[in-house]
Amino acid sequence: MNRSALDWLFAVGFLALAAGIALARNAPATTYESSVYTGTPTAVWILFALSLAIAVSASLACYGRQQAIGIGLGAATVTSVVSLPVIRGYYFYGMGDALSHLGWTRDIVEGEMAAHELFYPAVHSLGSIFYFLGGIPIERGLLFALVVVFVPFLIFVPLAVRDLSGNALAVGVAAIVSWMVLPINNVATHMGVHTNSNALFLVPVVVFAVVAFLRRRATIERFPFGVSPFSVLVYLSAIALLLVHPQQMVNVVVFVAAVSGVQYLAHRRYADHPMLEQPTLHTQTVVLGTIFGAWAVTNQRFRDAVEGFVTGIFAADVGGSEEIDQQGGSLTEIGGSLGELFVTMFLDAAVIGLVVGLFLLLAVIGRTTLDAEGRALVTYFTAALVPLGGMFLLYFLGTPNMAFRQMGFIYVLLTILAGVAIAHGVGGLSRFVSRPGANAVAVVVLGTCLVLGLMTVYASPIIYSPGQHVPEGTFNGYETGMDRGADDTPYVGIGYDPYRLDHGINGLEGEESLTAGTAASGELDAEEFNEGNYSGAYNDADHYLVVSSFDETREFDVYQGLRYEEAAYSGLEYDPYADRVISNDDFRMYAVSGGDEE
């Protein structure tokens, strides 16, 4: 295709993207949405699909400026998908940790605490900056912060592959794989204000700095005293990562230490090897380890997390297999299966992981076309995956939730390696078919995986997890209820402890925070509730029962009454012990009298 035709094609792609954003903006979410996918107009997805189709084709078939434009188009489209809660006017997104992070940000804004008092204050500080400089509400400021932190992932994955391989096809493939957002698994890593997950998007910046430091050695690129600018970038990006979340900083230290260890062994064993010509990472390992140690060991929360992890490893009733069995049984009861869920959530990750695994095996036995320095760099990644994989297994035995966070980091590295691996696969396939034919196969396979990946960036009922949209009505309902309720009466939820909403509304440090000691919160006894014993469903105590649209969707539409029966919930309206005191489209609060029913 000639340059003029390509320019017209790119124009169509960017116009489709702009039109999609405009349509999404004109369809704001006014009440709770269980899925950002079904809530967004179908025309938006058609336009986004068109722009992505052009971007994928250009990223694989073009070179130079045209490929860069294609990658830019795809990155902009995926950023728009991730930004849909912002574009469509979501009041807030996130029903778990996100609400606690909102509370800490509110504490910073209101002067209840300083940013440096938090263990990892970067995202909260960024949200505060949007509030102070832009006048943006704190809730939306944090959603803007999410987008800002996400963008480096799409930029630095292809940049890291460019330095790792130098192959234009590998760069294009890596960009496409980055659009799948494989580090987000919706088990322990989430697209939202979740700092551990947000930190994953900065990891490619550190990896790029490491690879560039190893590969670019011209003296003209040196700062005074022989300091490499890429060495400085390693330190700065790692510190930024630490401030977003320290767990991913641990993984970076392990990654850098593994590279340093391989270099040490190479210097001991070989007299002539490409690794001997590369600068060592010994100093970076010591410096980064020291920075993390100084930051972490003085923090009580970190010490508690380590203690819980060690205890979990040796506890007989803690482990991933038991949790998986429980989840599998629950899925069967509501008509699903682990196999179906695996295909929806992890098939694309499994395909990419398998391809990269085969490539690393071939690289180890010397059956790839990588040059000597390229093989050395791939060897570093292979060596780093060994301790990182060992950490995953330990987490799986001790704290399974942390294991899936570890998987998120591993998939950042696999995303980078996938560019090199799949490019080699396409090159091998082109020996049997034409190069355009091999590219066409790659477009189909990667396009299919891209669709699967983007389908599960956000939680939705398709993966048996309702979207965590928090509409303004829910916030207003909780805020009014907590402001006007009796101080000594607990707030109780159906399948959900309302303390997170208290964090988001009142903060965690101020006097207004209910969970700071002025009131209790908890969850109803499902068995008593289903029997219609509303008075006795919470320790026979007077309580406020708060229910949001999110709760109703989760318990009755997604879980299909597995824990709480909809008939029992409907009976609240007629029970003499329960009075509805607050109600809007997204929220209800009942004052329930305690004591055994006669």
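You'll find the structure just up there.
Residues numbered from 1 in each chain as written. Predicted model: local features only at pLDDT ≥ 70, side-chain atom pairs only at ≥ 80, totals over all residues. Heavy atoms only, no water.

Caption draft 1: Up close: the pairing of strand β7 (residues 587-592). Looking at chain direction, strand β5 (residues 543-548) and β7 are connected through six bridges and run antiparallel. Bridged to Tyr544 within β7 is Ala591. In this structure, strand β6 (residues 578-584) lies alongside β7, joined through six bridges in antiparallel fashion. Bridged to Asn584 within β7 is Phe587. Linking two consecutive strands that pair antiparallel, namely β6 and β7, is a turn of two residues. (Pairing = 2+ DSSP bridges. Helix = DSSP H or I, 4+ residues; strand = E, 2+ residues; numbered from the N terminus.)

Caption draft 2: Molecular detail of the pattern of salt bridges. Using the criterion set out here, one finds 12 salt bridges in the structure. Across the salt bridge formed by Arg554 and Glu555, the nearest N and O atoms sit 2.7 Å from each other. With respect to class, Arg554 is no different from Glu555; both count as buried. Among the ionic pairs, Arg580 bridges to Glu573, the shortest N-O distance being 3.0 Å. Each of Asp551, Arg554, Glu555 and Arg563 takes part in a single network of salt bridges with overlapping partners. (Salt bridge = Lys/Arg side-chain N within 4 Å of Asp/Glu carboxyl O. Buried < 20%, exposed > 50% of the residue type's maximum accessible area, 1.4 Å probe, protein only.)

Caption draft 3: Layout of the layout of surface pockets. By volume, the second largest pocket is sized at about 460 Å³. Lining the second largest pocket are 24 residues, with Phe359, Thr368, Thr369, His424 and Gly425 sitting closest to its centre. Looking at the lining of the second largest pocket, the elements with two or more residues in it are α8 (138-165), α18 (338-364) and α20 (400-429). With six residues, α20 is the single largest residue contributor to the lining of the second largest pocket. (1 Å grid on protein atoms, 1.4 Å probe; cavity = no way out; pocket = protein on both sides within 12 Å on 5 of 7 lines; lining within 4 Å. Points joined across faces, edges and corners; volume = space filled by probe spheres on them.)

Caption draft 4: Seen up close, the environment of Gln67. You can see Gln67 is positioned in helix α4 (residues 64-82). Exposure remark for Gln67: the relative accessible area of 6% places this residue in the buried category. For the pair formed by Gln67 and Val56, sequence separation is 11 residues and the distance between their alpha carbons is 9.6 Å. Non-local contacts of Gln67, meaning those with residues more than four positions away in its chain, are made with Ala58, Ser59, Cys62, Ala168, Leu169 and Gly172. (Contact = heavy atoms within 4.5 Å.)

Caption draft 5: Fine view of the nonpolar core. In terms of nonpolar packing, the biggest core is built from 171 residues, with Trp179 and Met191 touching the most fellow members. In terms of residue count, α20 provides more of this core than any other element does, 17 residues in total. By size, the runner-up hydrophobic cluster in this structure holds 17 residues, among which are Leu524, Tyr534, Tyr538 and Tyr569. (Core = buried A, V, L, I, M, F, W, Y, C linked by side-chain atoms within 4.5 Å.)

Caption draft 6: Region of interest: unusual backbone geometry. Although it is not a glycine, Asn539 sits at a positive phi angle of roughly 55 degrees. If you trace the backbone, Asn539 turns up in the loop between α24 (526-530) and β5. Taking relative accessible area as the criterion, Asn539 reaches 64% and is therefore assigned exposed.

Caption draft 7: Representation of the packing of aromatic side chains. Evaluated as defined, the whole model comprises 25 aromatic pairs. Seen in terms of ring centroids, Phe119 and Tyr120 are 5.9 Å apart; in terms of plane orientation they differ by 55 degrees. Their pairing is tilted. Given a relative accessible area of 7%, Tyr120 falls into the buried group. Aromatic ring contacts, followed pair by pair, group Tyr32, Tyr496 and Phe550 into a single cluster. (Phe/Tyr/Trp six-rings, centres within 6.5 Å; stacked < 30°, edge-to-face > 60°.)

Caption draft 8: Up close: the sheet that holds β7. What the five strands build is an open sheet, ordered β4-β3-β5-β7-β6; its pairing is mixed. In this open sheet, the two strands that pair with only one neighbour each are β4 (521-523) and β6. Sheet twist, expressed as the average angle between the axes of neighbouring strands with direction ignored, equals 25 degrees. Packed onto the sheet, helix α25 (residues 549-558) meets β5 and β7 and runs at close to 75 degrees relative to β5. (Axes fitted to C-alpha atoms, helices over the stretch in contact; angles between N-to-C directions.)

Caption draft 9: Summary view of the packing of α8 against helix α9 (residues 168-179). Contact geometry of α8 with α9 gives a least axis separation of 8 Å together with a crossing angle of 150 degrees. The orientation of α8 relative to α9 falls into the category roughly antiparallel. Crossing of α8 against α9: the hand is right-handed. Between α8 and α9, the residues in contact are Phe153, Leu154, Val157, Pro158, Val161, Arg162 and Ser165 and Ala170, Val171, Ala174, Ala175, Ser178 and Trp179, respectively. Considering only residue class, the contact of α8 with α9 consists of 10 nonpolar, two polar and one charged. (Parallel < 35°, antiparallel > 145°, perpendicular 65-115°, else oblique. Left-handed = near helix turned anticlockwise from the far one by under 90°. Nonpolar A, V, L, I, M, F, W, Y, C, P; charged D, E, K, R; others polar.)

Caption draft 10: Summary view of the side chain of Thr195. Within the element layout of this structure, Thr195 appears in helix α10 (residues 195-200). Residue contacts for Thr195: discarding those within four places in its chain leaves His101, Tyr120, Val123, His124, Val244 and His245.

Caption draft 11: Looking closely at empty space enclosed by the protein. Tallying each qualifying case throughout the model produces three cavities of 30 Å³ or more. Roughly 100 Å³ of volume is contained in the largest cavity. Lining the largest cavity we find 15 residues, and of these Leu182, Ile184, Asn185, Met345 and Ala349 sit closest to its centre. Residue assignment for the lining of the largest cavity shows that the elements contributing at least two residues are α18 and α20. A per-element tally of the lining of the largest cavity places α18 first, with four residues. Across the lining of the largest cavity, the residue classes tally to 10 nonpolar, four polar and one charged.

Caption draft 12: Structural detail: the packing of α9 against α20. As a packed pair, α9 and α20 sit with axes 7 Å apart at the nearest point and diverge in direction by 130 degrees. Here α20 runs oblique to α9, going by the angle between their axes. Here α9 and α20 pass one another in a crossing that is right-handed. Contact residues: Leu169, Ala170, Val173, Ala174, Val177 and Ser178 in α9; Thr415, Ala418, Gly419, Val420, Ile422, Ala423 and Val426 in α20.

Caption draft 13: Main features of α18. Between its terminal C-alpha atoms α18 stretches only 34 Å, short of the 39 Å expected from 27 residues at 1.5 Å a residue. Of all the bends found along α18, the most pronounced is centred on Phe346 and spans about 65 degrees. Regarding α18, the residues found buried are Leu341, Thr344, Met345, Phe346, Asp348, Ala349, Ile352, Val356, Phe359, Leu360 and Ala363. Gly366 sits one or two positions beyond α18 and adopts a positive phi of about 75 degrees. (Expected span 1.5 Å × (residues − 1). Bend = angle between axes of the 7 residues up to and from the residue.)

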